[in-house]
Amino acid sequence: MSLREHALSLFRSAVGTVRPAPMMKRALKLQGDRCPQLLVKGQAFPVKRDLYLVGFGKAVLGMAAAAEEILGDHLVRGIISVPLGIQESLQRAGMQEMLLKPHSKIQVIEGAKNNLPDAEALKGAGAIQQLAEGLTADDLLLVLISGGGSALLPAPIPPILLEEKEKLTKMLASRGAAIQELNIVRKTLSVLKGGGLAQLAYPAQVVSLILSDVIGDPLDIIASGPTAASSHSVQDCLQVLAKYNLLHNLPKSVETVLSSSPTKPTAPENYSHVSNIIIGSNTLALDEAKHHAESLGYAALVLSAGIRGEVGRVSTLYCQLIRLVCLGLAGRAEEPLGDEVRGNLLQLAAELEIPGLDLAKFLQALRGLGPERPVCILAGGETTVQLQGSGKGGRNQELALRVGLGLHRAQAMEGSSPQGRCEIIFFSGGTDGQDGPTEAAGAFCSPGLVAEALQEGLDVEAFLRNNDSYTFFSQFQGGHHLLVTGLTGTNVMDIQAILIRALERS
Ligand SMILES: Nc1ncnc2c1ncn2[C@@H]1O[C@H](COP(=O)(O)OP(=O)(O)OP(=O)(O)O)[C@@H](O)[C@H]1O
Ligand SMILES: O=C(O)[C@H](O)CO
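The rules we used
Residues numbered from 1 in each chain as written. Chains lettered and ligands numbered in written order. Predicted model: local features only at pLDDT ≥ 70, side-chain atom pairs only at ≥ 80, totals over all residues. Heavy atoms only, no water. Axes fitted to C-alpha atoms, helices over the stretch in contact; angles between N-to-C directions. Helix = DSSP H or I, 4+ residues; strand = E, 2+ residues; numbered from the N terminus. Parallel < 35°, antiparallel > 145°, perpendicular 65-115°, else oblique. Left-handed = near helix turned anticlockwise from the far one by under 90°. Contact = heavy atoms within 4.5 Å. Nonpolar A, V, L, I, M, F, W, Y, C, P; charged D, E, K, R; others polar. Domains from an automatic or database assignment. Buried area = accessible area lost by both parts, 1.4 Å probe. Salt bridge = Lys/Arg side-chain N within 4 Å of Asp/Glu carboxyl O. Polar contact = N/O pair within 3.5 Å; in protein donor to acceptor, adjacent residues only side chain to side chain. 1 Å grid on protein atoms, 1.4 Å probe; cavity = no way out; pocket = protein on both sides within 12 Å on 5 of 7 lines; lining within 4 Å. Points joined across faces, edges and corners; volume = space filled by probe spheres on them.

The name an unreviewed UniProt entry assigns to the protein chain is Glycerate kinase, from the organism Lepidothrix coronata.

Chemist: Describe the packing of helix α13 (residues 311–329) against helix α16 (residues 395–413), with residues and values.
Modeler: Here α13 crosses α16 at 50°, and the two axes come no closer than 9 Å. As judged from the angle between their axes, α13 and α16 are oblique. For α13 against α16, the interelement crossing comes out right-handed. Residues Val311, Gly312, Val314, Ser315, Tyr318, Cys319 and Ile322 of α13 lie in contact with α16, whose contacting residues are Arg395, Glu398, Leu399, Arg402, Val403, Gly406 and Leu407. Across the contact of α13 with α16, the residue classes break down as eight nonpolar, three polar and three charged.

Chemist: Please provide a residue-by-residue account of the domain arrangement of the protein chain, values included.
Modeler: The assigned domain composition of the protein chain is domain 1 (27–155 + 194–229 + 268–280), domain 2 (156–189 + 231–264) and domain 3 (283–502). Taken together, the 17 residues of domain 1 in the interface contact 15 residues of domain 2. Buried surface at the junction of domain 1 and domain 2, summed over both partners, amounts to about 1,200 Å²; 64% is from carbon and sulfur atoms. Here lysine 187 ties to aspartate 220 by a salt bridge, and the two come within 3.3 Å at their closest N and O atoms. On inspection of domain 1 and its partner domain 2, the count reaches seven residue pairs in polar contact (both at pLDDT 80 or more). Mapped onto the side of domain 1 that touches domain 2, the elements with two or more residues apiece are α5 (119–133) and α6 (149–152). For the side of domain 1 that touches domain 2, a count of residues per class yields 12 nonpolar, three polar and two charged.

Chemist: Which residues make up empty space enclosed by the protein, and what are the values?
Modeler: Within this structure, the stated rule accounts for four cavities of 30 Å³ or more. The calculated volume of the largest cavity comes to roughly 60 Å³. Taken together, Pro117, Ser150, Ala151, Pro154, Leu162, Lys165, Thr169, Arg186 and Lys193 make up the lining of the largest cavity. Those elements that provide at least two residues to the lining of the largest cavity are α6 and α7 (162–174). At three residues, α7 tops the list of elements feeding residues into the lining of the largest cavity. Looking at which domains feed residues into the lining of the largest cavity, each of domain 1 (27–155 + 194–229 + 268–280) and domain 2 (156–189 + 231–264) supplies at least three. Computed from the structure, the second largest cavity encloses a volume of approximately 40 Å³. As for the second largest cavity, its lining consists of Ile145, Ile210, Leu219, Ile222, Gly225, Pro226, Thr227, Ala228 and Asn276. Looking at side-chain class alone, the lining of the second largest cavity contains six nonpolar, three polar and no charged residues.

What follows is the structure, encoded as structure tokens:
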């Protein structure tokens, strides 16, 4: 098998493990008929009387279909809020297993066109709120949560209007606010976010199954944490608004809500009826890919599930890592060049502030790998692209193109580059199967990409200047380097892999 085929099968295995059906079947079981109980990752929750289900997010339709199969007749009723058009597009893609059965007890409300809250999503949120408010101490509410849940569960605190909240969210996003900042604001202005849904469902038992699309899997940030105790106060919200220069032209309604919000978050003891359980994440997907890489004969290491930062800086990190692995495979990692590359890497990692990454430890593990086996380095997270051009692309394709350019430049600079004696492939892909507004999930690159593209008359740097990575990859070698999977029905951010094997032993 070629490195490319290996890379593709690694991506598929990573995504496969966090697809709704296998993920739900691993996490959720219903046990016992007379005294049924839900078993979630080993924790038992007795079903005293009625079992209800609500959900919101891009992956929730498939999660709900799997849940209904597991819960059978025990499920009394459910409501989910999912992206506009998702049923039709899954149907068209032949992904029947992600659709509800004809006589399902779960009502589906589609909304949030373009991932923005709208009247349909508001309707969905209203129906979910009503269901939660009617529950009693004998009921159990199963909540399914995935990325995109914030836009699908809008319930602005009166007198704030949906349009006002949408405008504010849009403004924050366009000024570069991170998802954590965005969701701190959303929580403060919403009835259901920031633990609101869990509070309304009291005294029912609330069990939330969460598919994380945020680095570090923070319960109170994913989908704005509707069932999680918020660790943020109104002060934090004001700080975010001040940071993005929005404090001075807030709508009157938002000012009213902010001035009457409690200054402290709700005490954690008010959440004793709630269990929030992460059932799928980037870490889980990377672990699966690591096992798969090992089964293919690689010495595999996971760098981090929290790769973030500007795509150009992140591409330099990957290029330096590739240089180091090639030096290692050539038995030259301990030469001064190896020290220089390790120094560059440590500096880059410090600049990028990747949460939880102990790069020194990782480099130690890399040193421990012998030159015998091919090497696979896996990572995941979400990079950012500062859009300057008007081209078509996504952060994964742009990252792959930048890595291709970096490898080309390194080869051009170092005459007898260690890369020259290795076969190398890098890919970056969005686990949801869609990278930015394109039909691809991501792209592959190798050190020869820039030179081969030039032979076809394609200038990589010009495409990059215009953020036109999708157009480049579509044209280059007939689109062969695009990673195309179609919508996967799940989302745990992005995944990158570096695969390297020595061409000759020195
Ligand atoms: N031409 C482009 N080149 C590179 N990146 C782009 C381009 N156009 C949009 N993007 C990036 O694509 C991202 C938006 O796409 P997408 O909807 O896949 O991401 P998202 O909103 O983070 O959703 P998800 O987390 O579900 O993948 C943004 O990070 C944006 O900067
Ligand atoms: O819905 C949201 O808030 C984002 O996808 C992060 O979870």
